[in-house]
Amino acid sequence: MPRMEITLDSPLDMHLHLRDGDMLRLVAPLSADFAGAVIMPNLVPPVTGAAALQAYSERIDTAMGGIPFTRLMTLFFKSYSAAELESARALPEFFGIKLYPAGITTNSEGGLADMAAAAPTLHLMEDMGIPLLVHGESHGFVMDREAEFLPIYRRLAQRFPKLRICMEHITTTAALHLLEEHENLCATVTLQHLLITLDDVVGGSMQPHLFCKPIAKREEDRAALLRAALSGHPRLMFGSDSAPHPQHKKECCGCAAGVFTAPLALPRLAALFAEHGAADKLQDFVSGNACRLYHLHPVPRRITLRDTPMRIPAAYRSYGQRVVPMHAGETLSWSIVPTAAG
Ligand code: NCD
Ligand code: ZN
């Protein structure tokens, strides 16, 4: 039977949580089907300075065990002086600054309480060409949080026209509309938000491994996000928001938010794009758009995907850690073709 194949040059994950310590050691190699990623800074304590950023980058490199991987490191947003920003910018792996409203998601207690206070740092970032990444949710009703944040994105885009602003993990049709309004806005979208709605999370028996922030929304939102991704929208990029938590922190009362997708994201995306006759759009979605928008040059790596099945384990475990992925125990229709090097 003829096989379908998609070969990708240096796929990038533009929003990835790798954690630290033993969890980092477990998930780093599992996240390395990509040639590189934007690494989130919401550690405990968060990454708020050049020295911490560099040290974290080195721990990631060690955890990758020799796999070539472009680390696009981020700082956690706070008020930074020009000198602090200069010392971060001097590091080759520095990518941008991630803004979390205070308390909005995992490890964001030290986030921003007052958007007005951000202006001086945002002016510096605009002048210095440092991208801003934003977790754009209000503290309102859970289904409305992203929509309620959109006016803040709009004001930022207008007030800082040269600042590159990324709306992270968008989940709504309204966010897609806003993307059209301002050239300096771009957005990432996750795998789960292309695939599931709130019904999949809580419509039947509750599925803690599909629970994340922002919560999955309505079918019309999912369909609009998928249409935009498949159409090759030039300012829409793949960012998995793969967010591993130990199994016992997901399967409990007070379940942590985050879906772990890193090891299966590329095969699942390949199946999705192929199924919709858009295999030719995947390269831009998982790399080309990001490289053009941010002038990136990730390590050259070539990944081939093929429509042969891939069994997803019930959990990934090592170093005393155990993490349950999305699609645990299922068989996907596409997989990665192993290279000679393994
Ligand atoms: C992320 C995490 O666990 O760090 N969780 C999530 O649900 N997406 C944080 C985030 O990106 O919101
Ligand atoms: Zn995230």
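Before reading further, recall that the structure is shown in the block above.
This one's a predicted model, so the numbers in the text were calculated from it and none came from an experiment.

Analysis parameters
- Residues numbered from 1 in each chain as written.
- Chains lettered and ligands numbered in written order.
- Predicted model: local features only at pLDDT ≥ 70, side-chain atom pairs only at ≥ 80, totals over all residues.
- Heavy atoms only, no water.
- Pairing = 2+ DSSP bridges.
- Helix = DSSP H or I, 4+ residues; strand = E, 2+ residues; numbered from the N terminus.
- Buried < 20%, exposed > 50% of the residue type's maximum accessible area, 1.4 Å probe, protein only.
- Lys, Arg positive; Asp, Glu negative; His and termini not counted.
- Salt bridge = Lys/Arg side-chain N within 4 Å of Asp/Glu carboxyl O.
- Polar contact = N/O pair within 3.5 Å; in protein donor to acceptor, adjacent residues only side chain to side chain.
- Contact = heavy atoms within 4.5 Å.
- Near = heavy atom within 4 Å.
- Areas by Shrake-Rupley, 256 points an atom, 1.4 Å probe, with all protein chains shown as cover.
- Axes fitted to C-alpha atoms, helices over the stretch in contact; angles between N-to-C directions.
- Parallel < 35°, antiparallel > 145°, perpendicular 65-115°, else oblique.
- Left-handed = near helix turned anticlockwise from the far one by under 90°.
- Nonpolar A, V, L, I, M, F, W, Y, C, P; charged D, E, K, R; others polar.
- Donors = N, O, S within 2.8 Å, 3.2 Å for Na, K, Ca; no water.
- Tetrahedral: all angles 85-135°; square planar, octahedral: opposite > 155°, others 65-115°.
- Phe/Tyr/Trp six-rings, centres within 6.5 Å; stacked < 30°, edge-to-face > 60°.

Draft legend 1. How the structure looks around the sheet that holds strand 15 (residues 335–336). Taken in spatial order, the 3 strands of this open sheet run 1-10-15, and their pairing is antiparallel. The open sheet terminates on both sides in strands that have one partner only, identified here as strand 1 (5–9) and strand 15. As defined by bridge partners, strand 10 (residues 302–306) adjoins strand 15 across 2 bridges and the pair is classed as antiparallel. Among the inter-strand pairings, L305 is bridged to a residue of strand 15, identified as I336.

Draft legend 2. Spatial organisation of the side chain of R268. Residue position: R268 is located in helix 11 (residues 265–275). Here R268 sits buried without a salt bridge, and the closest side chain of opposite charge, E275, lies 4.5 Å off (N-O distance). A distance of 3.3 Å separates polar atoms of two side chains, one belonging to R268 and the other to H327. Excluding residues that lie within four positions of it along the chain, R268 makes contacts with L191, L195, E275, H327 and L332.

Draft legend 3. Quick look at the site of ligand 1. Taken together, 15 residues surround ligand 1, and among them R19, N42, T105, K213 and D241 come closest. Between R19 and ligand 1, the recorded distance is 2.8 Å, taken from a side-chain N or O atom to an oxygen atom. In the model, an oxygen atom of ligand 1 is placed 3.1 Å from a nitrogen or oxygen of the A257 main chain. Coverage of ligand 1 by the protein chains reaches 100% of its 320 Å² of free accessible surface.

Draft legend 4. Up close: helix 1 (residues 21–30). Residues M23, L24, L26, V27, A28 and L30 constitute the buried set of helix 1. Buried-residue contacts for helix 1 involve helix 2 (50–64), strand 12 (316–318) and strand 13 (321–323).

Draft legend 5. Representation of the sheet that holds strand 5 (residues 94–99) within the structure. Across the sheet, 8 strands lie side by side as 2-3-4-5-6-7-8-9; this open sheet has parallel pairing. The two strands at the open ends of the sheet, each matched to only one other strand, are strand 2 (12–16) and strand 9 (236–238). Going from strand to strand, the sheet's axes swing by 25° on average, the running direction of each strand aside. Judged from the 3 bridges that link them, strand 6 (residues 132–134) and strand 7 (residues 165–167) form a sheet pairing that is parallel. Residue pairing across strands places L133 opposite C166, the latter belonging to strand 7. The strands touched by helix 6 (residues 173–181) are strand 7, strand 8 (185–189) and strand 9; relative to strand 8, the strand with the most contacts, the crossing angle is about 150°. Contacting strand 2, strand 5, strand 7, strand 8 and strand 9, helix 12 (residues 282–294) runs over the sheet at an angle of about 125° to strand 9.

Draft legend 6. Structural context of the packing of helix 3 (residues 82–89) against helix 4 (residues 119–128). Close contact between helix 3 and helix 4 brings their axes to 10 Å; oriented N to C, the two are set at 40°. On the basis of the axis angle, helix 3 is oblique to helix 4. Our pair here, helix 3 against helix 4, has a crossing hand that is right-handed. Facing A82, L85, E86 and R89 of helix 3, the residues of helix 4 in contact are T121, L124, M125 and M128. Looking at side-chain class alone, the contact of helix 3 with helix 4 contains 5 nonpolar, 1 polar and 2 charged residues.

Draft legend 7. Inspection of the coordination of the zinc ion (ligand 2) at higher detail. Looking at the zinc ion (ligand 2), the protein donor atoms are H15 (NE2), H17 (NE2) and D241 (OD), and they sit 2.0 to 2.1 Å from it. Given 4 donor atoms and angles of 92 to 137° at the metal, the environment of the zinc ion (ligand 2) is assigned as irregular.

Draft legend 8. Looking closely at the pattern of salt bridges. For the structure shown, the criterion picks out 13 salt bridges. The residue D307 makes a salt bridge to R3 at a minimum N-O spacing of 3.7 Å. Separated by 304 residues along the polypeptide, D307 in the loop between strand 10 and strand 11 (310–311) and R3 in the segment before strand 1 bring together distant segments of the chain. Judged by its relative accessible area of 19%, D307 is buried. Residues E181 and R154 are paired through a salt bridge, measuring 3.0 Å at the closest nitrogen-oxygen approach. Taken together, the residues span a long stretch of sequence, with E181 in helix 6 and R154 in helix 5 (residues 145–159) at a distance of 27 residues. Judged by its relative accessible area of 45%, E181 falls in the partly exposed class.

Draft legend 9. Inspection of the packing of aromatic side chains at higher detail. Going through the model one piece at a time under the given rule, you end up with 7 aromatic pairs. Between F149 and Y153, the ring centres sit 5.0 Å apart and the planes meet at 75°, which makes this aromatic pair edge-to-face. Of the two residues, F149 and Y153 both sit in helix 5, 4 residues apart, roughly one turn of that helix. For Y153, a relative accessible area of 2% puts it in the buried group. A centroid spacing of 5.8 Å and a plane angle of 55° characterise the contact between F238 and F285, whose relative ring orientation is tilted. Linking F238 in strand 9 with F285 in helix 12, this pair joins segments that are 47 residues apart in sequence. On the accessibility criterion, F285 (3% relative accessible area) is buried. Through pairs of rings, three or more aromatic residues link up here, namely F34, F238, F273 and F285.

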